[in-house]
Amino acid sequence: MKNLAIIVTLLLMSAILYCCNNQQEDTQEEDQDWASAVSTVDYSVHHDYMPSGGVKLKVKRFPYLPGVFNDRNKLHLSAAKEIGITPIKDVTDIWTITQPIVKVENGPYYYIDELNHSFPYLVPEAEQLLSDIGKAFVDTLNARGGGAYRLKVTSLLRTPETIAGLRRVNKNAVDSSAHLYGTTFDISYSQFICDSVVVPRTKEDLKNLLGEILYEFREQGRCYVIFEQKQTCFHITTRPYNYY
Ligand SMILES: [Zn+2]
């Protein structure tokens, strides 16, 4: 009788162990499926045009954007020097600097344009700000009736060499640029990345929506912003910000 009890106990234990293992394998398989689904999203893919026309978007309209977003370069520089990296001479110095810096890649909220005068790197606070602005843009668009658009980032970290190159095409480019510190990025307001033409929006409405979002972030003390008329972008510098 005692032996029978031991055998039954052993059988029960084996059954429990078998079930646990199976469940673990199922979870692992689900995790793998999810991971492969995530990794198959190619965020570099998009329409290479914006559809004409557009469904009207409910958005705040600023009378004169250059008048609203005109934080002086001096303010950008002081914030950049506080939280940014020591400017580097060459992009290969990225591998040797000890200050935190992250590579910025295409994602669900923004697309990195082909960069001619900068490199896709930012300090972590700036990358976080860019993600938060992009997410607010996408979420607000969804909440107001949809439209599959992302932001287009046109410039990030610069070096003295890339600024010299930029000065040859744009005489207004300043040597003392906050872009040298990895705290500053440019977002186009003349072009947006279109992922679907199902709900088309106008460039003007998307520009105003971006303005509305940047206004809120600036009010929260997270950034300084300049509306660049020649380069048709918002020039944005991350400010020191206490998240807690
Ligand atoms: Zn800029």
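First things first, this report covers the structure right here in the doc. (Residues numbered from 1 in each chain as written. Predicted model: local features only at pLDDT ≥ 70, side-chain atom pairs only at ≥ 80, totals over all residues.)

1. A closer look at the overall build of the chain
Tallying secondary structure elements over the chain gives six helices and eight strands in all. Ordered by position from N to C terminus, the α and β elements of the chain give α-α-α-β-β-β-α-β-α-β-β-α-β-β. For the chain, the proportion of its 244 residues judged to be buried stands at 33%. Counting only contacts in the chain whose residues sit at least 6 apart along the sequence, the fraction spanning at least 24 positions is 76%. (Helix = DSSP H or I, 4+ residues; strand = E, 2+ residues; numbered from the N terminus. Buried ≥ 20, exposed ≤ 12 C-beta atoms within 10 Å, placed from the backbone. Contact = placed C-beta atoms within 7 Å.)

2. What about the nonpolar core?
Counting residues in each nonpolar core, the largest one holds 48 residues, and the members touching the most others are L130, V153, L210 and F234. Elements represented by at least two residues in this core include exactly α3 (73-83), β2 (110-112), α4 (124-143), β4 (148-155), β5 (184-188), α6 (203-219), β7 (223-228) and β8 (233-238). The biggest single contributor to this core is α4, with six residues. Excluding anything up to four places from it in sequence, F234 contacts F69, D186, I187, Y189, L210, L214, V225 and F227. (Core = buried A, V, L, I, M, F, W, Y, C linked by C-beta atoms within 7 Å.)

3. Examining unusual backbone geometry
For T232, which is not a glycine, the phi torsion comes out positive at approximately 45°. Mapping T232 onto the fold places it in the loop between β7 and β8.

4. A short note on helix α5 (residues 160-169)
Three or more residues of α5 are buried, namely T162, I163 and L166. All buried residues of α5 lie within an arc of 100° about the axis, which places them on one face of the element. (Arc of directions from axis to C-beta.)

5. Quick look at the pairing of β4
Extensive coverage of β4 is indicated by the burial of six of its eight residues. With three bridges connecting them, β2 and β4 associate as parallel partners. Bridge pairing in β4 links Y111 to K152. Bridge count for β4 against strand β6 (residues 193-196) is three bridges, and the pairing is antiparallel. Across the sheet, residue A148 finds its bridge partner in β6, namely S196. Sheet analysis places β4 next to β5, joined by two bridges and oriented antiparallel. The residue of β5 that forms the bridge with S155 is D186. (Pairing = 2+ DSSP bridges.)

6. A look at the packing of α4 against α6
For the pair α4 and α6, the least separation of the axes is 10 Å and the interaxial angle reads 130°. With respect to their mutual orientation, α4 and α6 come out oblique. Here α4 runs over α6; the crossing is right-handed. Contacts between α4 and α6 involve I133, A136, F137, T140 and L141 from the first element and L209, L210, I213, L214 and F217 from the second. Among the residues forming the contact of α4 with α6, the class breakdown is nine nonpolar, one polar and no charged. (Axes fitted to C-alpha atoms, helices over the stretch in contact; angles between N-to-C directions. Parallel < 35°, antiparallel > 145°, perpendicular 65-115°, else oblique. Left-handed = near helix turned anticlockwise from the far one by under 90°. Nonpolar A, V, L, I, M, F, W, Y, C, P; charged D, E, K, R; others polar.)

7. Points about α6
Helix length check: α6 (17 residues) gives 24 Å between terminal C-alpha atoms against 24 Å at 1.5 Å per residue, within 8%. Within the sequence span of α6, burial applies to L206, K207, L209, L210, G211, I213 and L214. Where α6 is buried, its residues touch α2 (65-68), α4, β4, β5, β7 and β8. Positioned one or two residues after α6, G221 has a phi angle of 80°, which is positive. (Expected span 1.5 Å × (residues − 1).)

8. Quick word on the environment of V104
You can see V104 is positioned in the loop between β1 (102-103) and β2. For V104, a count of 21 C-beta atoms within 10 Å puts it in the buried group. Along the primary structure V104 and E127 are separated by 23 residues, whereas in three dimensions their C-alpha atoms are 7.0 Å apart. Aside from chain neighbours lying at most four places away, what touches V104 is I112, P120, Y121, L122, E127, L130 and L156.

By themselves, these figures tell us nothing about what the structure is for.
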